[in-house]
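Topology and contacts: notes
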Amino acid sequence: MRDLNPECYLFRQVKMPVLRSLSRVAQQVLQAPACGCQPITVAVRNISFSPRQVTSDASFHSVSFSETDHPKVLITGGLGQLGVGLAKLLRRRFGNNNVILSDIRKPPSHVFHSGPFIYSDILDYKNLREIVVNNRITWLVHYSALLSAVGEANVALARAVNITGLHNILDIAAEHGLRLFVPSTIGAFGPTSPRNPTPDLCVQRPRTIYGVSKVHAELMGEYYHHRYGLDFRCLRYPGIISADSQPGGGTTDYAVQIFHDAVKTGKFECNLRSDTRLPMMYIEDCLRATLEVMEAPADTLSMRTYNINAMSFTPAELAGEVQRQLPDLQVTYSLDQVRQDIADSWPMNPTMRTRRDWGWKHEYDLPELVQTMLAFIGSEARVAQAS
Ligand SMILES: NC(=O)c1ccc[n+]([C@@H]2O[C@H](COP(=O)([O-])OP(=O)(O)OC[C@H]3O[C@@H](n4cnc5c(N)ncnc54)[C@H](O)[C@@H]3O)[C@@H](O)[C@H]2O)c1
Ligand SMILES: C[C@@H](O)[C@H](N)C(=O)O
């Protein structure tokens, strides 16, 4: 089964009653509609029936998104390291009011006043659905998650947010014909995956709840794509490095912290071994890749989950590059064994079919990354000192 017919889908969505009882899990076969599509009925969520119409020549585009309109975007978990930057990029492209940031945390004043913000807990399915319906959302970028190190410290919460929350997102997206982006991660690989290089398709047996939940997200998204025609798109981000937003508790956080410590104290204690090689990317490249994969014509996507990368370096190599700009920086090493074990199971160099499929090219390598980070954090520090 490949895809949905928009008219049939919307017709059925409006006409069909939504059944809420968790105990009434079932499937119904509907009568063939006038358009001649072969109807199937699928319980996307066990509280409702969502009939899906499939035609052999249908494309994979979202059912409710007209290509001539701007998408109406909802970003979940938008107050983390990546969400505010993505909202800024998407708002520049689609208009301020067409991009809604959401989170369960209170936004800082500059974020609150920069565009639409809304409270949304992804564990609250009804609230999510209300937001999607009331705001006529067509694209959903699902950023809410607990990252690798924080997830190991709170497995139950990570399981709830990263797995149960994802189920809510998938059902909402399928039921309302949204184009859905869910980031995966290099953490979706594990100790038995090939590390150098790591192909897009290979063994994935991660040993963190974060990694397990992200493999689950990849597989569920692809399943919904093939089963229900959900327009699911996924990139496995490497460690993302940003100057104006803080990482949320991952294994690659050291590569952000070093810049702040270098500028503020001239000393940096690294919690990974000096020779730990991991894939990394500057945030601007990451957000551009996200927009590019969301805008890519469906027929250019040979897969729905892709590796993506810019550079790979070790703490020693990063420190060396920072020391070229700030020669007095002192770097010491004090291992966090949880993070080290995680890092030792992750890829060093993911290969990328994105290059072939939609021409992905990063702009920032290590020297540009270091210059940009130091320039930004340095100027912030000077402003803070002056005021
Ligand atoms: N930053 C990276 O290096 C990186 C790398 C690979 C993948 N990713 C993925 O990208 C996405 C965004 O990453 P990030 O670095 O911005 O994460 P982050 O940890 O900085 O932010 C996650 C956000 O999710 C929110 N959240 C937690 N529980 C929630 C709930 N119940 N409902 C709604 N929101 C909730 C948090 O409040 C937080 O603002 C995540 O899915 C992450 O796995 C990030
Ligand atoms: C790599 C990524 O998923 C995140 N930065 C982490 O370290 O957990």
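Definitions and cut-offs
Residues numbered from 1 in each chain as written. Chains lettered and ligands numbered in written order. Predicted model: local features only at pLDDT ≥ 70, side-chain atom pairs only at ≥ 80, totals over all residues. Helix = DSSP H or I, 4+ residues; strand = E, 2+ residues; numbered from the N terminus. Contact = placed C-beta atoms within 7 Å. Core = buried A, V, L, I, M, F, W, Y, C linked by C-beta atoms within 7 Å. Buried ≥ 20, exposed ≤ 12 C-beta atoms within 10 Å, placed from the backbone. Axes fitted to C-alpha atoms, helices over the stretch in contact; angles between N-to-C directions. Parallel < 35°, antiparallel > 145°, perpendicular 65-115°, else oblique. Left-handed = near helix turned anticlockwise from the far one by under 90°. UniProt positions renumbered as here; feature names shortened; annotations may be inferred. Near = placed C-beta within 6 Å. Nonpolar A, V, L, I, M, F, W, Y, C, P; charged D, E, K, R; others polar. Pairing = 2+ DSSP bridges. pLDDT = per-residue confidence, 0-100.

Further remarks concern the overall build of the protein chain. For the protein chain, the helix and strand inventory stands at 13 helices and 16 strands. In the protein chain, the share of contacts with a sequence separation of at least 24, taken over all contacts with a separation of at least 6, comes to 76%.

Moving on: the nonpolar core. The biggest cluster of nonpolar side chains holds 91 residues, and the ones touching the most others in it are Leu140, Ala173, Leu180, Ile241 and Ile258. The biggest single contributor to this core is helix H6 (residues 155-175), with eight residues. Setting aside anything within four residues of it in sequence, one finds Leu140 in contact with Leu74, Ile169, Ala173, Leu178 and Leu180.

Take the packing of helix H8 (residues 254-264) against helix H10 (residues 315-325) next. Two numbers describe how H8 lies on H10: the axes approach to 11 Å, and their chain directions differ by 30°. Relative to H10, H8 is oriented roughly parallel. Considering how the two elements wind past one another, H8 and H10 form a crossing that is right-handed. Mapping the contact onto sequence places Tyr254, Ala255, Ile258 and Ala262 in H8 and Pro315, Leu318, Ala319 and Val322 in H10.

Time to look at the UniProt feature "domain: NAD-dependent epimerase/dehydratase" (unreviewed entry) in the protein chain. Listed under "domain: NAD-dependent epimerase/dehydratase" (unreviewed entry) in the UniProt record, and renumbered for this structure, are residues 73-308. Annotated as 41% helix and 18% strand, the span residues 73-308 places its first and last C-alpha atoms 22 Å apart.

Moving on, we get to the site of ligand 1. The full set close to ligand 1 counts 29 residues, and Gly77, Gly80, Ala145, Tyr237 and Gly248 are the nearest of them. Grouping the constituent residues of the shell around ligand 1 by class yields 13 nonpolar, 13 polar and three charged.

Now for the sheet that holds strand S13 (residues 278-282). Spatially, the three strands line up as an open sheet ordered S11-S13-S15, and their pairing is mixed. Each edge of the open sheet is held by one strand with a lone partner, namely strand S11 (239-241) and strand S15 (311-313). Neighbour to neighbour, the strand axes of the sheet diverge by 45° on average, direction disregarded. Here S13 runs beside S15; their pairing, made up of three bridges, is antiparallel. Pairing of Pro279 across the sheet is with Ser312, part of S15.

Counting through the fold element by element, Lys106 comes out in the loop between strand S5 (99-103) and helix H3 (109-112). Measuring from C-alpha to C-alpha, the distance between Lys106 and Tyr119 comes to 8.3 Å, with 13 residues separating the pair along the chain.

This brings us to unusual backbone geometry. Cis rather than trans, the peptide bond between Asn196 and Pro197 has omega equal to 5°. By the element assignment, Pro197 lies in the loop between strand S9 (184-185) and helix H7 (209-228). A positive phi angle is found at Arg136, which is not glycine, with a value near 50°. Looking at where Arg136 falls in the secondary structure, it is placed in the loop between helix H4 (125-134) and strand S7 (139-142).

Right, let's get into the environment of Asn168. Following the sequence through the fold, Asn168 ends up in helix H6. Exposure remark for Asn168: the 21 C-beta atoms within 10 Å place this residue in the buried category. Along the sequence, Asn168 and Arg136 sit 32 residues apart, while their C-alpha atoms lie 17 Å from each other. The contact partners of Asn168, leaving out residues within four places of it in the chain, are Ile122, Leu123, Tyr125 and Leu128.

Strand S10 (residues 231-237) sits mainly inside the fold: seven of its seven residues count as buried. Pairing between S9 and S10: two bridges, direction parallel. Each bridged residue has a counterpart across the sheet, and for Thr185 the counterpart in S10 is Tyr237. Judged from the three bridges that link them, S10 and strand S14 (residues 305-307) form a sheet pairing that is parallel. By the bridge assignment, Cys234 is partnered in S14 with Thr305.

Below, the discussion takes up the confidence of the model for the protein chain. On average, residues of the protein chain score 86 in pLDDT, and 82% of them are at 70 or above. Counted against residues more than four places away or in other chains, residues 1-43, with its pLDDT under 50, gives 79 contacts. Low confidence marks residues 46-67, where pLDDT is under 50. Its contacts with residues over four positions away, or in another chain, come to 75 contacts. Across the interface, the model reports ipTM at 0.99; the global pTM reads 0.86.

The buried fraction of H8 is high, at eight of eleven residues. Restricting attention to buried positions, one finds in H8 the residues Tyr254, Ala255, Val256, Ile258, Phe259, Asp261, Ala262 and Val263. Here the buried face of H8 lies against S11, strand S12 (267-270), S13, H10 and helix H13 (366-386). Backbone geometry just after H8 places Gly266 at a positive phi near 75°.

Bringing the environment of Thr300 into the picture now. Structurally, the position occupied by Thr300 is in the loop between helix H9 (283-295) and S14. You can call Thr300 exposed: it has 11 C-beta atoms within 10 Å. Thr300 sits 57 residues away from Asp357 along the chain, and the two C-alpha atoms are 5.7 Å apart. When residues no more than four places from it in sequence are discounted, the contact partners of Thr300 are Asp357 and Trp358.

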